[in-house]
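Analysis of the macromolecular model
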Amino acid sequence: MAPKAGRRGTKRKAAEEEQPSVEEKKDRAGEEETGQEGPRVVIEHCKSCRVYRCHAEGVKSALLAARPGLTVVLNPEKPRKKSFEVTLLDGGKETSLWTGIKKGPPARLKFPEPKVVVEVLQETMEVKTQ
């Protein structure tokens, strides 16, 4: 029988270089905040099933095709269970473009057609510019 190498049950120490310092984390947070000027769209989708992510990617690509300068973020925070929600953040104001939280069953009712979300976004942006 082969001798044990003596590593069983011991934890490996992480290299100090891999862990960013507190100052680096603050710098990164400051860069993210400054890059979020203007309107942005937040898509919150559940992570329990791949279908939610697939639909979120479809809506994201449709929004970017309609408005190339728009910032679209997927799940900036931990999402709620069985949720699919599209929200427009402009300044300090939140506008819900689509929510499928209380829709279904069947589950396909939770997901919007990408063109519907784009139309609602266009209408919302036109109202804000007037």
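Conventions adopted
- Residues numbered from 1 in each chain as written.
- Predicted model: local features only at pLDDT ≥ 70, side-chain atom pairs only at ≥ 80, totals over all residues.
- Heavy atoms only, no water.
- Phe/Tyr/Trp six-rings, centres within 6.5 Å; stacked < 30°, edge-to-face > 60°.
- Helix = DSSP H or I, 4+ residues; strand = E, 2+ residues; numbered from the N terminus.
- Buried < 20%, exposed > 50% of the residue type's maximum accessible area, 1.4 Å probe, protein only.
- Core = buried A, V, L, I, M, F, W, Y, C linked by side-chain atoms within 4.5 Å.
- Contact = heavy atoms within 4.5 Å.
- Salt bridge = Lys/Arg side-chain N within 4 Å of Asp/Glu carboxyl O.

**Regarding the packing of aromatic side chains**
Under the definition given, this model contains two aromatic pairs. Judged by centre distance (5.1 Å) and plane angle (75°), the ring pair of Y52 and F111 falls under edge-to-face. With Y52 in helix 2 (residues 50–66) and F111 in the loop between strand 4 (93–99) and helix 3 (114–129), this pair connects stretches of sequence that are 59 residues apart. Residues Y52 and F111 agree in their burial class; the two are buried. Ring geometry for F84 against F111: centres 5.4 Å apart, planes inclined by 85°, an arrangement best described as edge-to-face. Here the residue F84 occupies a position in strand 3 (residues 84–90), and F111 occupies one in the loop between strand 4 and helix 3, the gap between them amounting to 27 residues. Residue F84 is classed as buried on the basis of its relative accessible area, which comes to 0%. Aromatic rings pair up to connect Y52, F84 and F111 into one cluster.

**Structural notes on the nonpolar core**
In summary, soluble globular proteins display a tendency toward joint burial of nonpolar side chains. Within the largest apolar cluster, 20 residues are counted, with the highest numbers of intra-cluster contacts made by V41, I43, L63, F84, V86 and L121. When residues of this core are traced back to their parent elements, those giving at least two are strand 1 (40–45), helix 2, strand 2 (71–74), strand 3, strand 4 and helix 3. Not counting residues up to four positions away in its chain, the partners in contact with V41 are L63, L70, T71, V72, V73, V86, T87, L88 and L121.

**So, the pattern of salt bridges**
On inspection of all chains with the given rule, the structure shows three salt bridges. The shortest N-O distance in the salt bridge between E57 and R53 comes to 3.6 Å. Of this pair, E57 and R53 both sit in helix 2, separated by four residues, roughly a single helical turn. Linking E85 and R80 is a salt bridge whose minimum nitrogen-to-oxygen distance equals 2.5 Å. The class for R80 is partly exposed, based on a relative accessible area of 42%. Taken together, the shared-partner salt bridges connect E44, R80 and E85 into one network.

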